Amino acid sequence: MEKRLSGVFAPITTPFLENGEVDLKGLKKNMEFYAASKIQGYLALGSNGENKNLTNEEKLPVLKTIIENKGKDQVVMAGCIFESTYETIYYAKKMEEMGADYLTLLPPSYFKKQMTDPVLIKYFTDVAGAVKTPCLVYNAPQFCGGTTLSVNLVKEVAKHPNIVGMKDSSTGNIENYLFAARDLFNVMAGSANFFMNTLIMGGTGGVISLANAFPDITHELYELIITKQYEKAFKLNEKVLRLNKTVSGAGGVAAVKYAMDLAGLAGGDPRLPLLPLDQEIRNTIKTKLQAEGMI
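Residues numbered from 1 in each chain as written. Predicted model: local features only at pLDDT ≥ 70, side-chain atom pairs only at ≥ 80, totals over all residues. Heavy atoms only, no water.

Novice: What should I look at first to understand the pattern of salt bridges in this one?
Specialist: It is possible for side chains bearing opposite charge to pair when their charged atoms get close. One pass over the full model with this rule turns up 9 salt bridges. The residue Lys122 makes a salt bridge to Asp126 at a minimum N-O spacing of 3.1 Å. Of this pair, Lys122 and Asp126 are both found in helix α4 (residues 117–130), 4 residues apart, which corresponds to roughly one turn of the helix. Between Arg282 and Asp269 there is a salt bridge, with its nearest N and O atoms 3.2 Å apart. Taken together, the residues span a long stretch of sequence, with Arg282 in helix α11 (residues 279–291) and Asp269 in the loop between α10 (248–262) and α11 at a distance of 13 residues. A cluster of three or more residues bridged by salt bridges with shared partners is formed by Arg4, Lys70 and Asp101. (Salt bridge = Lys/Arg side-chain N within 4 Å of Asp/Glu carboxyl O. Helix = DSSP H or I, 4+ residues; strand = E, 2+ residues; numbered from the N terminus.)

Novice: Honestly, the side chain of Thr246 in this entry has me stumped. Any pointers?
Specialist: Along the chain, the position of Thr246 falls in helix α9 (residues 230–246). The class of Thr246 is buried, set by a relative accessible area of 11%. Residues in contact with Thr246, not counting those within four places in the same chain, are Ile285, Lys288 and Leu289. (Buried < 20%, exposed > 50% of the residue type's maximum accessible area, 1.4 Å probe, protein only. Contact = heavy atoms within 4.5 Å.)

Novice: Which parts of the structure should I look at to understand unusual backbone geometry?
Specialist: It is generally the case that most residues other than glycine have a negative phi and that most peptide bonds are trans. Here the bond from Leu272 into Pro273 is cis, since omega is 20°, no more than 30 degrees from zero. By secondary structure assignment, the location of Pro273 is in the loop between α10 and α11. Non-glycine residue Leu45 carries a positive phi angle of around 65°. Residue placement: Leu45 occurs in the loop between β2 (41–44) and α2 (56–68). Under the relative-accessibility criterion, Leu45 is labelled buried at 2%. Not every positive phi belongs to a glycine, and Lys228 is a case in point at roughly 60°. Here Lys228 shows up in the loop between α8 (215–226) and α9.

Novice: What's the story with the sheet that holds β2 in this structure? I'm lost.
Specialist: Paired through their backbone hydrogen bonds, the strands of a sheet run either parallel or antiparallel. Pairing is parallel in the closed barrel, where 8 strands are placed in the order β1-β2-β3-β4-β5-β6-β7-β8. Looking at each pair of strands side by side, their axes are set apart by 25° on average, direction ignored. Taken together, the 2 bridges between strand β7 (residues 186–189) and strand β8 (residues 205–207) define a ladder with parallel strand orientation. If you follow Ala189 over to β8, its bridge partner there is Gly206. (Pairing = 2+ DSSP bridges. Axes fitted to C-alpha atoms, helices over the stretch in contact; angles between N-to-C directions.)

Novice: Would you mind showing me how to read empty space enclosed by the protein here?
Specialist: To find the voids left in a structure, one rolls a probe of water-molecule size over its atoms. All told, the structure shown has 1 cavity of 30 Å³ or more when counted by the stated rule. Of the voids in this model, the largest cavity is the one considered here, and its volume is about 40 Å³. Of all the elements, α10 adds the most residues to the lining of the largest cavity, at 4 residues. Its residues placed into classes, the lining of the largest cavity shows 5 nonpolar, 1 polar and 4 charged. (1 Å grid on protein atoms, 1.4 Å probe; cavity = no way out; pocket = protein on both sides within 12 Å on 5 of 7 lines; lining within 4 Å. Points joined across faces, edges and corners; volume = space filled by probe spheres on them. Nonpolar A, V, L, I, M, F, W, Y, C, P; charged D, E, K, R; others polar.)

Novice: What is the right way to read helix α6 (residues 174–181) from this model?
Specialist: Since there are 3.6 residues in each turn of an α-helix, residues three or four apart along the chain are aligned in direction. Among the residues of α6, Ile174, Tyr177, Leu178 and Ala181 are the ones counted as buried. The buried residues of α6 all sit within an arc of 100° when viewed along its axis, so they share a single face. (Arc of directions from axis to C-beta.)

Novice: Where do I start with the environment of Thr148 in this structure?
Specialist: One can find Thr148 in the loop between β5 (135–139) and α5 (151–157). In this structure the C-alpha to C-alpha distance between Thr148 and Asn173, which are 25 residues apart in sequence, comes to 9.1 Å. The residues contacting Thr148, other than those within four sequence positions of it, are Asn139, Pro141, Asn173 and Tyr177.

Novice: Mind showing me how you'd approach the layout of surface pockets here?
Specialist: For the largest pocket, the calculated volume is near 440 Å³. Lining of the largest pocket is provided by 27 residues; of these, Asn48, Gln142, Gly190, Ser191 and Ser209 occupy positions nearest its centre. For the lining of the largest pocket, the element with the highest residue contribution is α10, accounting for 5 residues. The computed volume of the second largest pocket comes to approximately 280 Å³. Every residue lining the second largest pocket is counted, 15 residues in all, and those nearest its centre are Ser47, Glu50, Asn51, Lys52 and Phe143. Its residues assigned to classes, the lining of the second largest pocket comprises 7 nonpolar, 5 polar and 3 charged.

Novice: Looking at this structure, I do not really get the state of the cysteines. What am I missing?
Specialist: When the sulfur atoms of two cysteines share a covalent bond, that bond is a disulfide. Evaluation of the coordinates by the stated rule reveals 0 disulfides. Residue Cys80 stays outside any disulfide, its sulfur separated by 7.8 Å from that of Cys135, the closest cysteine. Cys144 forms no disulfide, and the closest cysteine sulfur to it belongs to Cys80, at a distance of 15 Å. Residue Cys144 is classed as buried on the basis of its relative accessible area, which comes to 0%. (Disulfide = S-S within 2.5 Å.)

This is the structure:
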């Protein structure tokens, strides 16, 4: 297991200016805040980072800003998410040159019917074999046309020396992946909803959207679990679940960004076609976060 993949990772959001351009200054401001926190690191260019709403030319400066402003001992997982093996390897090498610590690979989805286990196994292993930077596979059917990684696929790619783990953001599959592969590589939760259960069952960490606005409470939960202070952990986990429902559950990326605004960070609105939150939802989120003592 890779110790650097143990802990809480924030799936960094991408702030935008009013004219729609990427706000790199705002991102740097956010990173300075995160660098002083106790979280283990970041997932750059993931779904919370609005990967598919960025041009390829924008992705690299965003990643560069995150890498250059991370804390001394923090690590960066870069979402290397493209459709063809050729393009994925092309950008994987660029991200490697920039200093990404890990590369996260999502299944291609345009030719979804052809994305069988043999095709995806070859895709993941071809990319992992083309770079020295360790790779993780990313199971998120909601972002790749409904493709869910099979347990057999996970067991197979876990044999590759440069595939060191997986992030699972799906619903109801984490236990199967843990039973199949937790002794082979790192299994990480992609949601606060099953973060605690994942750790108790042998997972190593989690990529938690709530950490974008409130990194300290997510790290505190991690510490309580790994030190087996379960009574305190169960109580805090209830609060984390309520917060996650209030934020991510209320409006996805737009709600995460609004919670960041309330926490004094550069959140802002998502990029179209994602819409800003309406005022009623904003008011509800603010009221609930105030009631929880978070703002």
